[in-house]
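Per-entry structural report
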Amino acid sequence: QVQLVESGGGLVQPGGSLRLSCAASGSIFSINAMGWYRQTPGKQREMVAVITSGVSTNYADSVKGRFTISRSNAKDTVYLQMNSLKPEDTAVYYCNVRGRDLLLNGPLDAWGQGTLVTVSS
């Protein structure tokens, strides 16, 4: 099994910053991509930012220039630095890891439990 442990969510005022972390562990053979997604009630989960093993990144238009995704390959950890936060960034943020599962010898597509980010004054 693969476990993803997220941390860093919380309450922040508009214009503030937060840093999310997600550490992956377990039966991981390889990681192709790590990313962050978010979801609000009544809406579909949407991609926020993704980083591949080749360190290429992709961002949602709504967060470009404000959010930065990075990863530590040695620690199988992905980070999301969120600056200039807006109330519309309020959501549950989920970590996602895709690659290959060591024990199952098959595709890996794991999700974290989610961490709530609330941007409010």
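Just so you know, these numbers come straight off a predicted model, no measurement behind them.

About the criteria used
Residues numbered from 1 in each chain as written. Predicted model: local features only at pLDDT ≥ 70, side-chain atom pairs only at ≥ 80, totals over all residues. Heavy atoms only, no water. Patch = residues over 30% accessible without salt bridge, like charges linked within 9 Å, V, L, I, M, F, W, Y side chains within 5 Å. Areas by Shrake-Rupley, 256 points an atom, 1.4 Å probe, with all protein chains shown as cover. Salt bridge = Lys/Arg side-chain N within 4 Å of Asp/Glu carboxyl O. Helix = DSSP H or I, 4+ residues; strand = E, 2+ residues; numbered from the N terminus. Buried < 20%, exposed > 50% of the residue type's maximum accessible area, 1.4 Å probe, protein only. Contact = heavy atoms within 4.5 Å. Lys, Arg positive; Asp, Glu negative; His and termini not counted. Polar contact = N/O pair within 3.5 Å; in protein donor to acceptor, adjacent residues only side chain to side chain.

A contiguous nonpolar surface patch, about 500 Å² in accessible area, is contributed by Phe29, Leu102, Leu103 and Leu104. Checked against the element boundaries, Leu102 lands in the loop between strand E9 (91-101) and strand E10 (106-111).

As enumerated under the stated definition, the model contains 5 salt bridges in all. Notably, a salt bridge pairs Glu46 with Arg38, separated by 2.7 Å at the nearest N-O pair. Looking at Glu46, the relative accessible area reads 37%, which means it is partly exposed. You can call Arg38 buried: its relative accessible area is 6%. Across the salt bridge formed by Arg66 and Asp89, the nearest N and O atoms sit 2.7 Å from each other. Taken together, the positions of Arg66 in the loop between strand E6 (57-59) and strand E7 (67-72) and Asp89 in the loop between strand E8 (77-82) and E9 put the pair 23 residues apart, joining distant regions of the chain. Asp89 matches Arg66 in its accessibility class, with the two residues each being buried. It is possible to trace a salt-bridge network through shared partners that takes in Arg38, Glu46, Arg66 and Asp89.

On to the side chain of Thr77, then. Here Thr77 lies in strand E8. Note on Thr77: relative accessible area 7%, which makes it buried. With residues up to four places along the chain from it excluded, the contact list for Thr77 reads Cys22, Ala23, Met34, Ser70, Arg71 and Ser72.

This part covers the environment of Met47. Looking at the secondary structure, you find Met47 in strand E5 (residues 46-52). Distance from Met47 to Gly35, taken between C-alpha atoms, is 7.8 Å for residues 12 residues apart in sequence. Apart from the residues within four sequence positions on either side, Met47 is in contact with Trp36, Tyr37, Asn58, Tyr59 and Ala60.

Below, the discussion takes up the side chain of Glu6. Summarising the element assignment, Glu6 is placed in strand E1 (residues 2-7). Here Glu6 occupies a buried position and makes no salt bridge, while the nearest side chain of opposite charge, Arg45, is found at 7.8 Å. Looking at Glu6, its side chain comes within polar contact range of the main-chain nitrogen of Cys95, at 2.6 Å. Polar side-chain contacts of Glu6 include one of 2.6 Å to the backbone nitrogen of Gly114. Among residues more than four places away in sequence, those in contact with Glu6 are Ser21, Cys22, Trp36, Tyr93, Tyr94, Cys95, Gly112, Gln113, Gly114 and Thr115.

So yeah, pure geometry; function would need other evidence.
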